[in-house]
Amino acid sequence: MGERGGKRVLEKGNVAMAEGAVQAGCRCYFGYPITPQNEVPEYLSKRLPEVGGVFLQAESEIASINMVLGAVSTGVRAMTSSSSPGISLMQEGISFLAGSQLPALIVNVQRCGPGLGGIKTTQGDYYQATRGGGHGDYRTLVLAPWSVQEMFDFPFLAFELAEKYRNPVLMLPDAVLGQMKDAVVMTPPGPIITYEKDYVLDGAKGRPARNIRSMYLEDDDQELLNYALRTKYEIMEANEQRHEETETDDAEVVIVAYGTAARLALSAMQQAREEGLRVGLFRPVTLWPFPAKALRALARRVKRFLVVEMNLGQMVDDVRAVLGPEVEVDFFGRPGGGMPTPREILAHLHGRGVDKGNEWADKVDAAVDHYVWWREGVLQPREVSPVGHKGVADE
Amino acid sequence: MNTIIIDTERCKGCYLCIEACPKNCIEQNGRPNASGNYPVQFVLASECIACALCALVCPDVAITVFRHVKEAKTADTAMA
Amino acid sequence: MSKVIFERPRYLCDKVTHYCAGCTHGTAHRLVAEAIEHFGVGEKAVAVAPAGCSVMLYKYFDVDSVEAPHGRALAVGTGIKRARPDLFVFTYQGDGDLASIGLCETMHAANRGEGITVIYVNNAVYGMTGGQMAPTTLLGQRTTTTPAGRKHDNEGHPLKMAEMMATLEGVLYSERVALYDPKQIRRARKAIFHAFEVQTKHNGFGFVEVLSACPTNLHLSPVQSQKWVENEMCAAFPLGLYKDVTAKPPELPAATPEAEVNGVSQGTCHAV
Ligand SMILES: Cc1ncc(C[n+]2csc(CCOP(=O)(O)OP(=O)(O)O)c2C)c(N)n1
Ligand code: SF4
Ligand code: SF4
């Protein structure tokens, strides 16, 4: 990347993503403030009016995603962005987009949870993103950038794929990628591609009235729609798996990581190589569809994989499912805002646990003592008489 | 003569029209339609004043109302 | 010879609806279809359907339509109207949809003064899900979830949307009407027409609350349920005009210039 025309500038990931979206033709943005993605609405509130576009701060994430649903029904390119709790609120709307087969871009600059969690970085929303996230049998296409350049570039790809498959596309960076400043070329990575939109609601003039919906009550229509969607997802799985490999040619061990975790893994890989350990990096770029074909091909040569994530182990399930029990798949991750350090990753590459010293171990023990209040011996079950009207036992 | 046409297949038998008609020109007809509803029928056609109140209250738009109008000039050829 | 003086309006599809006998959703549909025809917006209208008994309105209105998640019709409508200010957008929502789960979207779209026409059908129950309590259920009214009748100390009071709407700066017009007899239907027609005009003429937010009968869940005959609306509902929800500032509309933001509208809509949607 960066070989195309245009000068390199220093920019934040969030802003680069927002500018990329505008250059990719996004003309409507609806969103609700949440750290660590506030640069996106702040930038677009100024930028979109310059190109005749619409910026609207919505009353909630629920409203945001449904405003997106309305806007994309008219054929425009529209998006929203948020961070984890806000994305949770959007799930019903995302499910409606998928069921109604509408294209939209949703960006989740992940922050740690569960609950309100904190604004530190995480990759805790992998399951939510790659399994649809809302109700019903559906998938969203998930793009995982790992650099500010990809933050800028991926909206182009996202809108193209969204329109090609008439399906919502998610970008899944994390707080670090959103906040990080780096050199980036902010000119389009290629031509802007779109597809015919024969569903657009723009008034039934000279054609029969159209309807966009996800509810099919008659006969087996809903079941049939689901089969049709399955076929679409199968085509997406066949055509849209994307990944990147670094120094896997001679690798004995390959780290599988995406996004910010892949950046940390790259440093660990380089250190490992200096120590003579032949390590490679396999970076999924699409998290759904998961790049299973390439990973399986790699596993014909490589017998040991280390999955590194900023969570307690989510993508590792996909890696294990793809590679099967024959292949050794280790995992190292840190949740709740913790970032795996290259030193820790290196230790895992050497097959050792990480010795973070007694101080850290004591802290973890103390946390378990503090939070896990139901430990055996601390809390005893006891039988009570039927619950009274105040919700407590009448004793 | 004024007249109304009731689409008996569309009629759900709510009888709001019976209630609305000031001249009692509509009544239940006692035979079910294909959907199993008991539609209404137009009786006492001579009384109908074409006020269209029946059609106005019909939630199912089952009633079309026609008003008798004198034919211009050649009034003598007008229908009875 | 004879002349047709009452027939099916052009934009109401020639289909038997799924509504129960005597349900005045059908009447409200007809009035809306008449307004679509009267204002000549049939070729640029987009209807936003709610979750509720009117979820299938796409079958009945011969205009473009989209289905919104339960309660979010006005957010969806906002998205459409912002993307395409040249379109005529209306939502058609029940009381559960608009005044309970979607209250937040309703208040904010109204407060922003979106150029959207809202047809709010208040029947005091959740029709589609089988007659549970609605935000508008009357005090003392029995529903499947208020078996002993709604009590204010437990479920609160019926929510009066037409009055609430009137308090918002963004709303140009708010009126409550009913459909229980021909006179009320004529008034409702006038109100719905005016709410359409609020959008066609002033690009403003027009709100009509239509008191409607759900005979099925009131467990009354269609005729009795109209009486119930007249006597019980109208006592709790007084009919009337709550706001109309269209004679002297407030300063609205400058309309989007034609060129820009095209840039955002046609231009963008086909060029990218
Ligand atoms: C998120 C969500 N919650 C609940 C429902 C179930 N639901 C469908 S319609 C409805 C209420 C409908 O009542 P109302 O809006 O008053 O319309 P009516 O059917 O009476 O016309 C409910 C609770 C849903 N579809 N989606
Ligand atoms: S009002 Fe309409 S549906 Fe009801 S009985 Fe009369 S014709 Fe039939
Ligand atoms: S349940 Fe009530 S609101 Fe729904 S169609 Fe029947 S009468 Fe109408």
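Residues numbered from 1 in each chain as written. Chains lettered and ligands numbered in written order. Predicted model: local features only at pLDDT ≥ 70, side-chain atom pairs only at ≥ 80, totals over all residues. Heavy atoms only, no water.

**So, the site of ligand 3**
All names here are of chain C.
Part 1 of the reasoning: For ligand 3, the full set of nearby residues is Tyr19, Cys20, Cys23, His25, Cys53, Asn123, Gly127, Cys214, Pro215, Thr216 and Asn217.
Part 2 of the reasoning: Among the elements that take part in the shell around ligand 3, helix α8 (residues 215-218) stands out by supplying three residues, more than any other.
Part 3 of the reasoning: Residues belonging to the shell around ligand 3 are distributed by class as follows: six nonpolar, five polar and no charged. (Near = heavy atom within 4 Å. Helix = DSSP H or I, 4+ residues; strand = E, 2+ residues; numbered from the N terminus. Nonpolar A, V, L, I, M, F, W, Y, C, P; charged D, E, K, R; others polar.)

**Considerations on the interface of chain C and chain A**
Part 1 of the reasoning: Facing the 41 residues of chain C at the interface are 45 residues of chain A.
Part 2 of the reasoning: Surface buried jointly by chain C and chain A totals about 3,300 Å² across both partners, of which 63% is contributed by carbon and sulfur atoms.
Part 3 of the reasoning: Summed over the shared surface of chain C and chain A, the number is three salt bridges.
Part 4 of the reasoning: Here Lys59(C) and Glu218(A) are joined by a salt bridge, their closest N and O atoms 2.7 Å apart.
Part 5 of the reasoning: Counting residues per element, the ones that place at least two in the side of chain C that touches chain A are β2 (45-49), β3 (64-67), α2 (73-83), α4 (103-112) and α10 (258-271) of chain C.
Part 6 of the reasoning: Its residues assigned to classes, the side of chain C that touches chain A shows 18 nonpolar, 10 polar and 13 charged.
Part 7 of the reasoning: For strand β9 (residues 211-212) of chain A and β3(C), the ladder comprises two bridges, and the chain directions are parallel. What sits directly across from Ile212(A), in β3(C), is Val66(C). (Contact = heavy atoms within 4.5 Å. Buried area = accessible area lost by both parts, 1.4 Å probe. Salt bridge = Lys/Arg side-chain N within 4 Å of Asp/Glu carboxyl O. Pairing = 2+ DSSP bridges.)

**Notes on the environment of Ala24(A)**
Part 1 of the reasoning: Locating Ala24(A) in the fold gives a position in the loop between α1 (13-23) and β2 (26-31).
Part 2 of the reasoning: Along the chain, Ala24(A) and Phe154(A) lie 130 residues apart, while their C-alpha atoms are 9.4 Å from each other.

**A closer look at the sheet that holds strand β4 (residues 88-94) of chain C**
Part 1 of the reasoning: Ordered by their spatial adjacency, eight strands build an open sheet running β9(A)-β3(C)-β2(C)-β4(C)-β5(C)-β9(C)-β8(C)-β10(C), and the pairing between neighbours is mixed. Looking at the sheet topology across the chains shown, the edges are occupied by β9 of chain A together with β10 (240-244) of chain C.
Part 2 of the reasoning: As defined by bridge partners, β2(C) adjoins β3(C) across four bridges and the pair is classed as parallel. From the neighbouring strand, Ala49(C) faces β3(C), where its bridge partner is Glu67(C).
Part 3 of the reasoning: In the packing of helix α1 (residues 25-38) of chain C onto the sheet, the strands contacted are β4 and β5 (116-122) of chain C, and the crossing angle to β4(C) comes to about 170°. (Axes fitted to C-alpha atoms, helices over the stretch in contact; angles between N-to-C directions.)

**As for the domain arrangement of chain A**
Residues and elements named next belong to chain A.
Part 1 of the reasoning: Looking at the assigned domains, one finds that chain A contains domain 1 (8-239) and domain 2 (244-371).
Part 2 of the reasoning: Of note, the centres of domain 1 and domain 2, computed from C-alpha atoms alone, are 28 Å apart.
Part 3 of the reasoning: Tallying the contact residues gives 32 residues for domain 1 and 29 residues for domain 2.
Part 4 of the reasoning: Between domain 1 and domain 2, the buried area comes to about 2,600 Å², and carbon and sulfur atoms account for 56% of it.
Part 5 of the reasoning: The largest per-residue losses of area from domain 1 upon contact with domain 2 belong to Gln123, Tyr126 and Trp146, which jointly make up 34% of the total buried on that side.
Part 6 of the reasoning: At the junction of domain 1 and domain 2, the tally comes to three salt bridges.
Part 7 of the reasoning: Two residues, Asp182 and Arg263, come together in a salt bridge whose shortest N-O distance is 3.8 Å.
Part 8 of the reasoning: Counting the contacts that link domain 1 with domain 2 gives 19 residue pairs in polar contact (both at pLDDT 80 or more).
Part 9 of the reasoning: Counting residues per element, the ones that place at least two in the side of domain 1 that touches domain 2 are α6 (126-130), β6 (141-143), α7 (148-165), α8 (175-179) and α9 (221-239).
Part 10 of the reasoning: If you tally residues by element for the side of domain 1 that touches domain 2, the top one is α9, at four residues.
Part 11 of the reasoning: Counted by class, the side of domain 1 that touches domain 2 contains 17 nonpolar, seven polar and eight charged residues. (Domains from an automatic or database assignment. Polar contact = N/O pair within 3.5 Å; in protein donor to acceptor, adjacent residues only side chain to side chain.)

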